[in-house]
Amino acid sequence: MNKKIYIETYGCQMNVVDSEVIFSIMRKEGYERTTVMEDADIILANTCSVRDNAEQRIWGRIEVFRKMKESNPGVIVGIVGCMAERLKEELTKTGKVDLVAGPDTYRTIPDMIKEITPGNPAINVLLSREETYADIVPVRTDKNGVSAFISIMRGCNNVCSYCVVPYTRGAERSRDPETILSEAREVFSRGYKEITLLGQNVDSYLWTDGQRQVDFPDLLESVALIDPSLRVRFATNHPKDISDKLIQTMARHDNICDHIHLPVQSGSDRMLEKMRRRYTREWYLDRVRKIREILPGCGITTDVIAGFCSETEEDHQATLSLFKEVAFDYAYMFCYSERPGTIAARHYPDDVPQEVKTRRLNEIIELQNQLSLESNRSDIGKTFEVLVEGPSKRNPEELCGRTGSDKMCVFPGLGHKAGDYVQVRIADCTSATLLGTIVE
Ligand code: SAH
Ligand code: SF4
Ligand code: F3S
């Protein structure tokens, strides 16, 4: 019987793809994927370090795995991904894990497993300047068979002062576009209808082989040209780098979804400078104006951090006013969490009290809920093309799917199924969802 591997994935979408890469590597070694932890011979947690609470969750899981091991001592427990890279030997020293593998070492996991003996964990946390897992076809783990994620680059060369990612993921490197295109063609031929291209900063994607140079808009266009019935999305853009060429490329292709995730982090120039984001509020607003001019109706979403080092009430008000000015469709909102080793941790005191961070975060959340509701209300009466993802979570009698602008829609199915494109006329909404009916 084949040995079984189970992986829990935390953190961003890139980790989801990385787990699929690990499944693929392990399948070649004869391992089978299981979704039942108790059946597994190997248990891995693919981890995130971006905020302290992400790591606290993993420490909780490590205790659960340790208890599992008491009843099944042969099982191998491994920590992989960003927290493995950040904590290194700190994890092996606990005596609770058998394997610690950083994000660029997944090809060595099979050999590492062979090295493990009781009391002697295996560890590899080397970062690479080249590894992109370009030749590895991930084992898809999505449930609907409709949307696939493809990693187009790894690492990050920005040094946002609060962020741990450059330390856990290493230097930025772009993946060979031919391997991206062949993976995209392959998933399309298997019935997938939507591809999301992933990178920490897709705008800095650049591939050269001496003669040819491929930038992100070129790559995006090639993927869009695979087939007009294939939707293409991407994330994440960086406000300092997003180009007019990208926006124009989006405008030329109907199947490139009109949605841009453009993390702003703060509305205050003083904070942006301290965060080392390398743009100003005015620059950000100008990028938004450009997107709206060329792509009217484009969904714009963002990330924001409340309570970064020395943030004053005035800085916070600047974030609120920027939110009002842009009227984001959706936002991911966080309290600042100091990450050891980052520029901010080394140079700036984490001096905004937790209750102030929480209060400011709540003010942003409250404002954004209202903005999301207004944005959704303005869609009432409009008709959108929606790609059906499957039954709605709340009401399995109904279907759900997204608009090009990335809004979730729920509607009665009328015999349609996952993977179908339908025209949905919006009749009602909440702050999170559009509600409508299919019009033929
Ligand atoms: N590459 C992307 C985002 C990567 S991390 C970008 O540049 O925007 C995802 C989000 O987590 C960030 O946009 C930021 O809002 C948040 N984040 C990163 N580090 C954080 C920290 N130390 N505390 C709180 N939030 C953080
Ligand atoms: Fe972190 Fe900044 Fe890189 Fe995004 S661009 S991953 S926030 S360092
Ligand atoms: Fe987390 Fe690493 Fe992604 S820190 S957000 S899993 S790149």
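For the structure given in this document, a descriptive report is provided here.

Each value, and the rule that gives it
Residues numbered from 1 in each chain as written. Chains lettered and ligands numbered in written order. Predicted model: local features only at pLDDT ≥ 70, side-chain atom pairs only at ≥ 80, totals over all residues. Heavy atoms only, no water. Helix = DSSP H or I, 4+ residues; strand = E, 2+ residues; numbered from the N terminus. Rg over C-alpha atoms; globule rule 2.2 N^0.38 Å. Buried < 20%, exposed > 50% of the residue type's maximum accessible area, 1.4 Å probe, protein only. Contact = heavy atoms within 4.5 Å. Areas by Shrake-Rupley, 256 points an atom, 1.4 Å probe, with all protein chains shown as cover. Lys, Arg positive; Asp, Glu negative; His and termini not counted. Charge placed at Lys NZ, Arg CZ, Asp CG, Glu CD. Pairing = 2+ DSSP bridges. Axes fitted to C-alpha atoms, helices over the stretch in contact; angles between N-to-C directions. Core = buried A, V, L, I, M, F, W, Y, C linked by side-chain atoms within 4.5 Å. Domains from an automatic or database assignment.

Regarding its fold elements, the protein presents 14 helices and 21 strands. Here the C-alpha radius of gyration of the protein, 22 Å, is about what a compact globule of 440 residues would show, namely 22 Å. Across its three principal directions, the C-alpha atoms of the protein cover 65 × 55 × 55 Å. For the protein, with 440 residues in total, the buried portion stands at 55%. Long-range pairs, those at least 24 residues apart, make up 72% of the contacts in the protein with a sequence separation of at least 6. Counting every atom, the protein has about 19400 Å² of accessible surface; 50% of that belongs to carbon and sulfur. Taking the 57 positively charged and 67 negatively charged side chains of the protein as two groups, their mean positions are separated by 2 Å.

Taken in spatial order, the 6 strands line up as β2-β1-β3-β4-β5-β6 in an open sheet, and their pairing is parallel. Looking along the sheet, the strands with just one partner apiece sit at the ends: β2 (32-33) and β6 (122-124). Bridge count for strand β4 (residues 76-81) against strand β5 (residues 99-101) is 3 bridges, and the pairing is parallel. Bridging from a neighbouring strand, Val-80 pairs with Ala-101 of β5. Against the sheet, helix α1 (residues 13-28) touches β1 (4-9), β2, β3 (42-47) and β4, its axis set at about 170° to β1. Where helix α2 (residues 52-71) meets the sheet, its contacts fall on β1, β3 and β4, and the angle it forms with β4 comes to roughly 160°.

Within the largest apolar cluster, 53 residues are counted, with the highest numbers of intra-cluster contacts made by Leu-197, Phe-216 and Phe-323. Considering every element that reaches this core, the biggest residue donor is helix α8 (residues 216-224), with 5 residues. Shared between two domains, this core holds at least three residues of each, these being domain 2 (142-257) and domain 3 (261-378). With sequence-adjacent residues up to four places away left out, Leu-197 is seen in contact with Ile-150, Ile-152, Ile-180, Val-202, Phe-216, Leu-219, Leu-220, Val-223, Val-232, Arg-233, Phe-234 and Ala-235.

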